[in-house]
Each structure stands twice: as C-alpha cells, then as structure tokens.
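Okay, here's what each chain looks like letter by letter:
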Amino acid sequence: MNPIRWMQIEFKSDCRVGSGFGLAGLIDHIAVKSRNGVPYVPGSTLKGRLRMICKQAVLAMADSPRPESEKNIYFSTRGIICQSAAEKEICKDPDVQKCCVMCRLFGSEMHGGSLIFADAFPDNIDELEAVYIFNQDQTYLPLSWRTNVKLSRQSRVSEPKMLTTSEVVPNIKLFTARIYRTNYVEPWPTIESDLALLSFGASCITHLGAGKGRGLGRCILTLTSEDPNASHTG
Ligand SMILES: [Zn+2]
C-alpha cells in the first residue's frame with residue numbers, strides 16, 4: 001500500500017532519544033529501534049502530538065469569525081467537534097464520515113481512525129550503516145552523551161535495563177514518517193480539507209522528544225503528498 005502522505009521531521013537541534021519501550025513516563029521520547037539501534041520517532045508519538053494540536057487548531061477555528069461554510073466541513077453532521085468543552089460526548093454515529101474531523105482523522109473509542117502513522121526513521125541511513133553507527137566504537141556519527149546516561153554502548157541494544165536511560169543523537173537531522181490510510185473504513189472518510197488540518201497541525205509542532213527546556217528536539221514538521229526522499233532513492 002502506498003502512503004497517502006509523508007511527514008518529514010527536520011531537527012534544528014539535537015534530539016533526545018529515550019530508549020523506553022512501553023514505559024509510560026517516556027512515551028513522548030524519541031525511541032531507539034531495538035533490533036539494530038536505529039533511532040526513530042514512534043508513529044504513536046507523532047499521532048498523539050498531532051491529535052492534540054489539531055484539536056486545539058480546529059476548536060480555535062470553530063470559535064473564529066470564519067464563514068460557517070468553512071467550519072462545517074470539520075464538524076460532525078450534528079454540528080460538533082466531540083470531546084471538547086462545548087461537547088463532552090464522543091461522536092457515536094456508526095458512519096465515521098458523519099463524525100467530526102478528529103474522529104475521522106485519528107479515530108476514537110467508537111471508531112478506528114482513517115490514518116496509520118508509521119514510525120519516522122532517519123533519511124539516508126540504511127540499516128547496515130545504522131548497525132555500524134550504533135555498534136562500533138568508531139563514531140561515524142558522533143554520539144554525545146548527556147548527564148543522565150548510565151548505559152554502556154555494548155548493552156544498549158541487547159539489554160532491556162536501558163529502559164530508564166536516554167541519549168542525545170546529534171547530526172541526524174531528517175526523519176520521515178509514512179502515513180497510510182486504513183483500509184478497514186470504506187469508503188475512506190478522510191477528505192482533503194481534513195488533511196489540510198493535519199498539515200496545519202504539523203506546522204504548529206516545534207519540539208519533539210524530551211529535553212525541550214534545554215533546547216533539545218527543536219524541529220519543523222512538514223506534511224507532503226509526495227515522497228520527499230524519492231529523488232535520493234530512485
Ligand atoms: Zn468526533
């Protein structure tokens with residue numbers, strides 16, 4: 001299946017990488033891929049951040065003096081954005097196309113969303129290189145270790161104990177996530193205006209991962225309708 005969109009993440013500062021799989025406290029960290037040590041931004045992190053920011057954006061838009069016709073495309077057929085201050089209820093219409101844009105894009109307890117957010121991996125680093133980078137002592141990409149790192153290089157990939165540690169990975173600036181449409185909702189309910197909201201939400205995200213207070217994880221997110229790496233990979 002081809003992606004419907006690509007999410008390119010360009011880090012403007014070092015990004016903090018937490019290796020905390022499934023650990024609630026580290027959910028917002030960028031994680032390290034366990035199998036070969038490639039850093040990635042989990043799709044679930046992207047989805048969570050985008051859901052939050054798109055909701056703020058669409059609620060602000062709903063309160064704005066824009067024409068009703070522009071707002072209506074984001075509301076459910078009942079004229080609401082669900083689970084907001086104005087409307088506590090969740091959209092319950094069995095037809096997700098009649099639900100609000102938040103349900104259409106991201107899903108809810110009642111519905112699957114229409115999009116799958118895959119993990120974002122570094123651009124232009126193939127798996128072999130990555131194994132080299134993270135398993136050799138020669139630092140092909142310099143790893144700078146911040147104060148709270150307790151972990152040895154050797155144990156990083158194989159030891160589950162690393163759950164509470166984190167590291168900073170500089171010099172990996174570009175990550176790309178693929179966004180797919182789910183195929184279990186047919187006809188596919190996401191329309192261009194919904195994707196425009198997603199694109200706007202992406203442009204509002206300025207940080208990913210931990211360490212924001214120390215200037216880590218500054219980034220720019222861009223939603224594209226074509227593979228941004230297509231010219232590199234052929
Ligand atoms: Zn809804």
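The following paragraphs examine the structure supplied in this document. (Residues numbered from 1 in each chain as written. Predicted model: local features only at pLDDT ≥ 70, side-chain atom pairs only at ≥ 80, totals over all residues. Heavy atoms only, no water.)

**Remarks on helix H1 (residues 43-63)**
Structurally, the α-helix is built with 3.6 residues per turn, so residues lying three or four positions apart point the same way.
Piece 1. Taking 1.5 Å per residue as the helical rise, H1 with its 21 residues ought to reach 30 Å, and the 30 Å between its terminal C-alpha atoms agrees with that figure.
Piece 2. Within H1, the full set of buried residues consists of Gly43, Thr45, Leu46, Arg49, Leu50, Ile53, Cys54, Lys55, Ala57, Val58 and Met61. (Helix = DSSP H or I, 4+ residues; strand = E, 2+ residues; numbered from the N terminus. Expected span 1.5 Å × (residues − 1). Buried < 20%, exposed > 50% of the residue type's maximum accessible area, 1.4 Å probe, protein only.)

**Brief notes about the pattern of salt bridges**
Piece 1. Taken as a whole and assessed by the stated rule, the structure comprises eight salt bridges.
Piece 2. The partner of Lys92 in a salt bridge is Glu89, and the shortest N-O contact between them spans 2.9 Å.
Piece 3. Lys92 sits in the partly exposed class, given a relative accessible area of 47%. (Salt bridge = Lys/Arg side-chain N within 4 Å of Asp/Glu carboxyl O.)

**Quick notes on the pairing of strand S8 (residues 174-181)**
Piece 1. Across six bridges, strand S1 (residues 5-11) lies against S8 in antiparallel orientation. Across the sheet, Gln8 pairs through a bridge with Thr176, a residue of S8.
Piece 2. Bridge analysis of strand S5 (residues 115-117) against S8 gives three bridges, and the strand direction is antiparallel. Along S8, the bridge assignment pairs Phe117 with Ile179.
Piece 3. One ladder, built from two bridges, connects strand S6 (residues 121-122) with S8; its direction is antiparallel. Residue Pro122 lies in a different strand from S8, and its bridge partner there is Phe175. (Pairing = 2+ DSSP bridges.)

**Quick notes on the coordination of the zinc ion**
Piece 1. In this structure, Cys82 (SG), Cys91 (SG), Cys100 (SG) and Cys103 (SG) serve as the protein donors to the zinc ion, at separations of 2.3 Å.
Piece 2. Considering all four donor atoms around the zinc ion, the spread of angles at the metal, 97 to 120°, places the coordination shape in the tetrahedral class.
Piece 3. Here the donor residues of the zinc ion share one chain and are spaced in sequence as C-x8-C-x8-C-x2-C. Of the two residues, Cys82 is situated in the loop between helix H2 (68-72) and helix H3 (101-106) and Cys103 in helix H3; the sequence distance between them amounts to 21 residues. Comparing Cys82 with Cys103, the two get one shared label, buried. (Donors = N, O, S within 2.8 Å, 3.2 Å for Na, K, Ca; no water. Tetrahedral: all angles 85-135°; square planar, octahedral: opposite > 155°, others 65-115°.)

**Observations concerning the environment of Pro3**
Piece 1. You can see Pro3 is positioned in the segment before S1.
Piece 2. In this structure the C-alpha to C-alpha distance between Pro3 and Ile179, which are 176 residues apart in sequence, comes to 5.3 Å.
Piece 3. Among all residues touching Pro3, those that are not within four sequence positions of it are Arg178, Ile179 and Tyr180. (Contact = heavy atoms within 4.5 Å.)

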